[in-house]
Amino acid sequence: NIGTSPQFEDGIASLENPQDVGDEIPVTNGFAVPMLVDKREPRDAELDEVRAQLVEVVKLEKARNQIEDLARQIAAGSASATAIAAAAQARGLTVRDSKAFILGSPLGDGPTATTSPQLEDAIYALREGEVTKEPIKIGENYFVVGVTGREEANMEEFANQRDTLTEQMLNQKRGQVFSDYVAS
């Protein structure tokens, strides 16, 4: 969970020999202590290695194209939100239903759950019973979404909770500023 960290990259740059240990490097939620386990020098690739990599790339590209075509077929053949489920199940796919979708919350399960402004805009623009005409690609995933029901925001409930929500967001921002200060 280090992610992209220039500090970490600078900290490992000084490691030259296997078993060398670096200094403590601040990372998200703590510190990291790097150790060089192995070092390999650059070399020219063998023909078999290149051939195997190219075969994998071609297979992966073909699979991606098939998935895109399948998503387009489902989107084109679905006139209503309930038709999406039937079209997907006819092709052996599983359908996920998000009963309480809120803008900003991810769609999907596990590590592939994601969202994007494009997906949120498409969902928000749909009326009850409508379906996206084209699949929406986010990363490696394609989404064909439909709206089965829509519940508008309750402004009375928002007015009652406004102060609490404002205080929660202020505390969250204060915590982020403090953690940024500690990290720097």
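Just above, that's the structure.
Residues numbered from 1 in each chain as written. Predicted model: local features only at pLDDT ≥ 70, side-chain atom pairs only at ≥ 80, totals over all residues. Heavy atoms only, no water.

Enquirer: Even after reading the chapter, I still don't get the pattern of salt bridges, so can you show me in this structure?
Expert: For side chains bearing opposite charge, pairing can occur when the charged atoms are close. With the rule as written, the count across this model stands at 10 salt bridges. Salt-bridge contacts for E68 lead to R72; the nearest nitrogen and oxygen are separated by 2.8 Å. With E68 and R72 both in helix α2 (residues 47–76) and 4 residues apart, this pair spans about one turn of that helix. You can call E68 partly exposed: its relative accessible area is 22%. Assessed through its relative accessible area of 37%, R72 is described here as partly exposed. R127 is paired through a salt bridge with E130; the nearest N and O atoms lie 3.5 Å apart. When salt bridges that share partners are traced, they join E68, R72 and E134 into one network. (Salt bridge = Lys/Arg side-chain N within 4 Å of Asp/Glu carboxyl O. Helix = DSSP H or I, 4+ residues; strand = E, 2+ residues; numbered from the N terminus. Buried < 20%, exposed > 50% of the residue type's maximum accessible area, 1.4 Å probe, protein only.)

Enquirer: I keep staring at the layout of surface pockets and nothing clicks. Help me out?
Expert: Summary: where empty space remains is shown by rolling a probe the size of a single water molecule over the atoms. Of the pockets and cavities examined, the largest pocket occupies roughly 1,900 Å³. R96, S98, L107, I123 and V145 are, among the 42 residues lining the largest pocket, the residues nearest its centre. Within the residue set of the lining of the largest pocket, elements represented by two or more residues are α2, α3 (81–90), α4 (117–125) and β4 (141–143). Partitioned by chemical class, the residues of the lining of the largest pocket number 24 nonpolar, 10 polar and 8 charged. Reported here for the second largest pocket is a volume of approximately 300 Å³. As for the second largest pocket, its lining consists of 14 residues, of which V27, T28, N29, S179 and A183 are closest to the centre. Mapped by element, the contributors of at least two residues to the lining of the second largest pocket are β1 (25–27), β2 (30–32) and α5 (155–183). Per-element tally for the lining of the second largest pocket: the top contributor is α5, with 5 residues. In terms of residue class, the lining of the second largest pocket is made up of 6 nonpolar, 7 polar and 1 charged. (1 Å grid on protein atoms, 1.4 Å probe; cavity = no way out; pocket = protein on both sides within 12 Å on 5 of 7 lines; lining within 4 Å. Points joined across faces, edges and corners; volume = space filled by probe spheres on them. Nonpolar A, V, L, I, M, F, W, Y, C, P; charged D, E, K, R; others polar.)

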